[in-house]
Amino acid sequence: MEASAGAQPDRQDQPHQDGPFRRCSQSHRPPGVEKDIEKLYEAVPQLGNVFKIEDKIGEGTFSSVYLATAQLKMGPEEKIALKHLIPTSHPIRIAAELQCLTVAGGQDNVMGVKYCFRKNDHVVIAMPYLEHESFLEILNSLSFQEVREYMFNLFKALRRIHQFGIVHRDVKPSNFLYNRRLKKYALVDFGLAQGTRDTKVDLLKLVQSEAQQESCSQNKAPIVKANKVSLIKQPKPMDVTSRKLTTKKKVVSTKTVTSNLARKTASTCPANLTCDCYATDQVCSVCLSRRQQVAPRAGTPGFRAPEVLTKCPNQTTAIDMWSAGVIFLSLLSGRYPFYKASDDLTALAQIMAVRGSRETIQAAETFGKSVLCSKEIPAQNLRTLCERLRGTPSLDVEKQDDHAHESTLSLRTDQKLKLPLHMEHPGSSLHEDSRGVSETPMNEHQASLKGWDRVPDEAYDLLDKLLDLNPATRITAQEALVHPFFKEMSL
Ligand code: ADP
Ligand code: MG
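As the structure is a computational prediction, the values presented were derived from the model and not from experiment. Each chain has its residues counted from 1, following the order in which its sequence is written. All chains are assigned letters beginning at A, and all ligands numbers beginning at 1, according to the order in which they are written. Given that this is a predicted model, residues contribute local features only at a pLDDT of at least 70 and side-chain atom pairs are listed and counted only at 80 or more, while totals for whole chains, interfaces and linings are drawn from all residues. Only hydrogens and water are set aside; all other atoms, that is, all heavy atoms of the structure, feed into the side-chain values.

Another point: the side chain of Gln194. Topologically, Gln194 is positioned in strand β9 (residues 194–195). Polar contacts, as counted here, are pairs of nitrogen or oxygen atoms within 3.5 Å of one another; within protein the pair requires one atom able to donate a hydrogen and one able to accept it, and residues that are adjacent in sequence qualify only if both atoms are side-chain atoms. Within the structure, the side chain of Gln194 is placed 3.3 Å from the side chain of Arg169, a separation counted as a polar contact. Each helix is a run of H or I in the DSSP string that is no shorter than four residues. Each strand is a run of E no shorter than two, and both are numbered from the N terminus.

Two strands pair under a simple rule: DSSP has to find at least two bridges between them. Here we have 5 strands laid out as an open sheet, ordered β1-β2-β3-β5-β4, and antiparallel in their pairing. The outermost strands of the open sheet, each flanked by one partner alone, are β1 (51–59) and β4 (115–119). Each neighbouring strand pair of the sheet contributes to a mean axis angle of 25 degrees, computed without reference to strand direction. Along the sheet, helix α1 (residues 31–43) makes contact with β1, β2 (63–70), β3 (78–85), β4 and β5 (122–128), crossing β1 at roughly 120 degrees. Whether two residues touch is decided by their heavy atoms; if any such pair falls within 4.5 Å, the residues are in contact. In this description, a line fitted to the C-alpha atoms serves as the axis of each element, helices being fitted only across the stretch in contact, and the angle between N-to-C directions of two axes falls anywhere from 0 to 180 degrees. Relative to β5, helix α3 (residues 91–104) is tilted by about 15 degrees, and along the sheet it contacts β3, β4 and β5.

With that settled, consider the packing of helix α14 (residues 382–390) against helix α16 (residues 457–466). Look at α14 against α16: their axes get within 10 Å of each other, and the N-to-C directions meet at 110 degrees. Overall, the two elements α14 and α16 adopt an arrangement that is roughly perpendicular. Residues Leu382, Arg383, Cys386 and Glu387 of α14 form the contact with α16, whose own contacting residues are Asp457, Tyr460, Leu463 and Asp464. Note on residue categories: nonpolar means Ala, Val, Leu, Ile, Met, Phe, Trp, Tyr, Cys or Pro, charged means Asp, Glu, Lys or Arg, and polar means any other residue, Gly included. Taken together, the residues of the contact of α14 with α16 break down into 4 nonpolar, no polar and 4 charged. Under this scheme an angle from 65 to 115 degrees is roughly perpendicular, one under 35 degrees roughly parallel, and one over 145 degrees roughly antiparallel; angles in between are oblique.

What follows deals with the coordination of the magnesium ion (ligand 2). Perfect tetrahedral coordination of a metal by four donors corresponds to 109.5 degrees between them, and perfect octahedral coordination by six donors corresponds to 90 or 180 degrees. Here the coordinating atoms are restricted to nitrogen, oxygen and sulfur within 2.8 Å of the metal centre, or 3.2 Å for Na, K and Ca, and because water is not among them the sites may look incomplete. For the magnesium ion (ligand 2), the full set of protein donor atoms is Asn175 (OD1) and Asp189 (OD), at a range of 2.2 Å. Here Asn175, found in the loop between β6 (166–167) and β7 (176–179), pairs with Asp189, found in the loop between β8 (184–187) and β9; they are 14 residues apart in sequence, far enough to count as distant. Both residues of the pair, Asn175 and Asp189, belong to the buried class. Think of it in three bands: with a 1.4 Å probe and only protein chains considered, a residue is buried below 20% of the maximum accessible area for its type, exposed above 50%, and partly exposed in between.

So, on to the site of ligand 1. Being near a molecule or strand, for a residue, comes down to having at least one heavy atom within 4 Å of it. Around ligand 1 sit 20 residues, and of these Ser63, Lys83, His132, Ser174 and Asn175 come closest. In the model, an oxygen atom of ligand 1 is placed 2.8 Å from a nitrogen or oxygen of the His132 side chain. Note that an oxygen atom of ligand 1 is positioned 2.9 Å from one of the side-chain N or O atoms of Asn175. Accessibility throughout is a Shrake-Rupley quantity obtained with a 1.4 Å probe, and a residue counts as covered only by protein chains that appear here. For ligand 1, whose unbound accessible area comes to 550 Å², protein coverage reaches 98%. Looking at the shell around ligand 1, the elements that each hand over two or more residues are β2, β3 and β5.

Let's shift gears to helix α12 (residues 344–355). Between its first and last C-alpha, α12 extends 16 Å over 12 residues, near the 16 Å set by a 1.5 Å rise per residue. If you check which residues of α12 are buried, you get Asp344, Leu345, Thr346, Ala347, Leu348, Ala349, Gln350, Ile351, Met352, Ala353, Val354 and Arg355. Between the side-chain oxygen of the N-cap and the backbone nitrogen of Leu345 there are 3.1 Å, and the N-cap of α12 in question is Asp343. Immediately downstream of α12, the backbone of Gly356 shows phi near 95 degrees, a positive value. One less than the residue count of a helix, multiplied by 1.5 Å, gives the span that helix is expected to have.

Structure, rendered in C-alpha cells:
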C-alpha cells in the first residue's frame, strides 16, 4: 500500500517479512507480535467481536497482515487474513485497493474480500486466508510441471485483472500466494495498482488524477528529488570516471535520455536549449537544469519493466507481463531474486546483460527514450543461461565469453546518473545473494524425475515473449494462456 496516491516508493522483496510467517500458538508469539495484536484490537475494537487474531503473517512497508479465526454463527471456524493498512495511507488509495478486490477479486486466482472494518483512520481488510509457501524455500524442489501450472495460474489472474483495466504494478512471488498441496493460487496486494484509460475500477481513475496532480506540482519544483540528490548535485558536467565504482568484474555504462521526438512533446523540457552532451558520457548544464520527467515507477526494482525503469509515461498492463517474465526466469533458472538492483539504472543494466544492449536501445527508441551504453553487451540465449544457472547436468553448456567490462553505468532522462553495476560471470546469478538449485547441482536422476532435463523450447519461447523489451509487442496474459507451452492445460 502506498502512503499517498502519488508517492511511489521502492519496494524490495522482503522474504523474511512478507510471506508465510511462523505459525505458532498464542503462548509462543514473540512479545512484539503480541503487542501489535493488542494495538490492533484497541485501534479497531469491533474486530474483537468477530475475530480471534492468532498471529502476524506479513509485514510490509504499508501494511501488516494477521491470521485470524472467525467463529460464525453458522458453519465451521474460518481462517481469515486481516490486512491492517498503515493509518497514513491515502484514503483514495485505500478505497481503490478495496475496490480492486471487490470488482475483480474472488475469481480466477484473484484474492477476494470478505469484510472491511474502519475506525477513524484505521482500515482493516478481511480476506479469505490462503496458507502459502515461501517461494524461496520451494524453488529448489519444484518440478517442471509445477512451474508450468504456477505460470498458467498467474496468467489467469493477470488476464482477469487486465480485463478490468487494472495494472497491478507489483507482480512478484510474495504477492502471488501459492498453496502447493491444494494447488491454489491468489494474486494479492492492489496497494500500488493503477487503472488503464478505460479501467472498470472507478476509484483507480481518481488515483490517476491524484497522482497526476502530484506530478504537476512536482514539475514546478526544482529538478532534484530527495533520493537523487547525492547523484546529481555537482553543478558541472561530470566525468564518468570520477563516479566509477570499482566492482568485482563488470561495470557497464548506460544513459537514457528522452529522445528528440519525445523532447519536442515533453512540456517539462526547455525546448529552446540545445543539449551538448547528447550521446556522450557527460551531463551538460543544460541537461542538469531540465525538469525531472515524472512517470509511474512504483513496484519492486528487480521486477520493473524497461519502460518503467526509463520513466516512460505511457505504461500499460504490459508491465505486469514483464514482471511475470522475471518470475518465470527465476523458476527456470532456480535463482531468486534473479535481479536485485538498488536503483533503476543498475536494474536496466542487469536487463541488458540478459537481453542485450543493442536490443534494449532499439526497444527504448520505440517508446521515445534514448539509452546509451558504453559497451555492447550481447543478448544471452535464455535456455543456455537458465540451464547453466540451474546446473542441469545433461546439457553441455559452452563456456561463453566473459563480457566483463570495466566501464560505468549512467542513466539520464533529464539528469545523468552514474552508478556501478555488479555483474558476475555470465551464467552466474545477476544477484549475488540469490539462491537456488545451482548451488547443489542436481544429479541426472533428480533432474529427470522433476522434468528439468526435458524443458521444451516452448518454455523459452514464452519467456522470450514475456521479456520482450518492447511493451507494444510483449505477449498479453490472454495470449500467454493459449501459448503452445500450455497446450495440455485447460482454461
Ligand atoms: P503489503 O502491501 O504490505 O505487501 P500484502 O497484501 O502483499 O501487503 O500482504 C503481505 C503478506 O501477507 C503477503 O505476502 C502474504 O504473505 C500475506 N497475505 C496477504 N494476504 C493474504 C491472504 N489473503 N491469505 C494469506 N496470506 C496473506
Ligand atoms: Mg505485498
